[in-house]
Structures are given as C-alpha cells and as structure tokens.
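Structural features, examined
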Amino acid sequence: MAGKQRIRGLVGVWLLGLFTVSCGEIVCTTEGIPAIAVRVEDLATGEQIASTPIGIVTWGEGQDTLYASRNHVLQGGPIHADTYDVEVRAEGYQVWKRENVVVRESGRCSKVETVVLTARMATAGRS
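Let me sum up the structure you'll find in this document. Once a new chain begins, its residue numbering starts again from 1 and follows that chain's sequence as written. Residues qualify for local features only when their pLDDT is at least 70, as the model is predicted, and side-chain atom pairs are given and counted only at 80 or more; totals for whole chains, interfaces and linings, by contrast, use all residues. Hydrogens and water are ignored here; the side-chain numbers use all heavy atoms of the structure.

1. What about the overall build of the protein?
Put simply, the rule reads: Secondary structure elements are taken from DSSP: a helix is a run of H or I of four residues or more, a strand is a run of E of two residues or more, and numbering for both begins at the N terminus. Burial here depends on accessible area, computed with a 1.4 Å probe over protein chains only, as a share of the maximum for the residue type. Under 20% is buried, over 50% is exposed, and the range in between is partly exposed. Should any heavy atoms of two residues lie within 4.5 Å, those residues are counted as being in contact. Areas reported here follow the Shrake-Rupley algorithm with a probe of radius 1.4 Å; residue values treat only the protein chains shown as occluding.
Across its full length, the protein carries 2 helices and 7 strands. Taking all 127 residues of the protein together, the buried fraction comes to 31%. Expressed as a percentage of contacts within the protein between residues at least 6 apart in sequence, the contacts between residues at least 24 apart total 58%. When the accessible surface of the protein is split by element, carbon and sulfur atoms take 52% of a total near 8,400 Å².

2. So, the side chain of Ser51
So the rule is basically this: In protein, a polar contact requires one atom able to donate a hydrogen and another able to accept it; more generally it is a pair of N or O atoms within 3.5 Å, and residues adjacent in sequence count only if both atoms are side-chain atoms.
By secondary structure assignment, the location of Ser51 is in the loop between strand 1 (36–42) and strand 2 (54–59). Residue Ser51 is classed as buried on the basis of its relative accessible area, which comes to 16%. Among the polar contacts made by the side chain of Ser51, one reaches the main-chain carbonyl oxygen of Glu91 at a distance of 2.7 Å. With residues near it in sequence (within four places) discarded, Ser51 still touches His72, Ala90, Glu91 and Tyr93.

3. Describing the environment of Leu74
Tracing the backbone through its elements, the reader meets Leu74 in strand 4 (residues 73–76). In this structure the C-alpha to C-alpha distance between Leu74 and Gly55, which are 19 residues apart in sequence, comes to 6.6 Å. Setting aside residues no more than four positions away along its own chain, Leu74 makes contact with Ile36, Ala37, Val38, Val40, Pro53, Ile54, Gly55, Leu66, Tyr67, Ala68 and Val88.

4. Brief notes about the pattern of salt bridges
Note the following rule: By salt bridge we mean one thing: a side-chain nitrogen of Lys or Arg within 4 Å of a carboxyl oxygen of Asp or Glu.
For the structure shown, the criterion picks out 4 salt bridges. Here Arg89 and Glu87 are joined by a salt bridge, their closest N and O atoms 2.6 Å apart. The residue Glu87 makes a salt bridge to Lys97 at a minimum N-O spacing of 4.0 Å. Within this pair, whereas Glu87 is found in strand 5 (residues 82–89), its partner Lys97 is found in strand 6 (residues 96–103), the two being separated by 10 residues in sequence. Several salt bridges converge on common partners, so that one network encompasses Arg39, Glu41 and Arg120.

5. Some words on the nonpolar core
Going by this rule: The term nonpolar core refers to a set of buried residues drawn from Ala, Val, Leu, Ile, Met, Phe, Trp, Tyr and Cys, joined through side-chain atoms within 4.5 Å.
Membership of the largest hydrophobic core comes to 23 residues, with the highest contact counts inside it found for Ile36, Val38, Val40, Val88, Trp96, Leu117 and Met121. Those elements that place two or more of their residues in this core are strand 1, strand 2, strand 5, strand 6 and strand 7 (115–121). The element best represented in this core is strand 7, accounting for 4 residues. Discounting residues that sit within four places of it in the chain, Val40 has contacts with Gln48, Ile49, Pro53, His72, Leu74, Val88, Ala119 and Met121.

6. As for the sheet that holds strand 2
Threshold: Any two strands with at least two DSSP-identified bridges between them are counted as paired. Inter-axis angles, ranging from 0 to 180 degrees, are taken between N-to-C directions of lines fitted to C-alpha atoms, where helices are fitted over the stretch in contact.
With mixed pairing, the 7 strands of this open sheet are ordered in space as 6-5-2-3-4-1-7. A single partner strand is all that each edge strand has here, and the edge strands are strand 6 and strand 7. Neighbour-to-neighbour, the strand axes of this sheet turn through a mean angle of 25°, independent of strand direction. In terms of strand pairing, strand 2 meets strand 3 (residues 62–68) through 6 bridges, oriented antiparallel.

7. Topic: the pairing of strand 7
Alternating residues of strand 7 divide into Val115, Leu117, Ala119 and Met121, all buried, and Val116, Thr118 and Arg120, none buried. Taken together, the 7 bridges between strand 1 and strand 7 define a ladder with parallel strand orientation. The residue of strand 7 that forms the bridge with Ile36 is Val115.

Okay, structure coming up:
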C-alpha cells in the first residue's frame, strides 16, 4: 500500500514537472515566435527593394526594432498579444506604416499568432 502511494506521489511530481517545463517562461521565449512579420517589396515591381529595410514596432510605451533577413522579411516584436504600430523605413523609399495591428494569443504559454504584413514601398518622391 505504501509503495502505491509513493508511486502516485512520484507520478504527480513528474506531471507537475512536465507541465512546468512545457509551459515555463524559458521554453516559450526560446521558441522565437515573432509577433510581426513584414515582407518588404517595391511598389512598382513587386520585387525586393534596392536598399535594406528596417522596421520599428511600437506598443504602449514599448518599442522594438525589426531587422531584415536576406529576403527582406522583417520579423520580431515582443512575444505577447497586443496592439502594435508598425513602420518600415529604407533609403530611397517613403516610410510605410500600419497602425493598430492586433496580435492574438494562440495556445498555451502565451504563444502568439504571427501577423504577416506586406509593405509595398514607394520610391521617394513618388506616391
């Protein structure tokens, strides 16, 4: 009888540990799920723009910088659901903005559904 109770206790501790590890802050933030992803392209050609873009994401009092990958996709932002303003800048192009972009929570551990945007950048001096 004491052996069965001990096994039940160990199983309970194991399950608690498993839940803690699978939904712990470390696991959730190391997954790298971006809140925002912005594909940047030239308005006239639909191709990758000539210069390297940089993005700025703001929410409340917070701000984060999004840097481009080789294919000019900007990703990042905090890993939490919120409403964001997104701005993309690139040399030789007009500033592109989107306000009130809503990022929603998805699943456990405060994971988010990445919002994917396309920034069609107009060259400077062109509307």
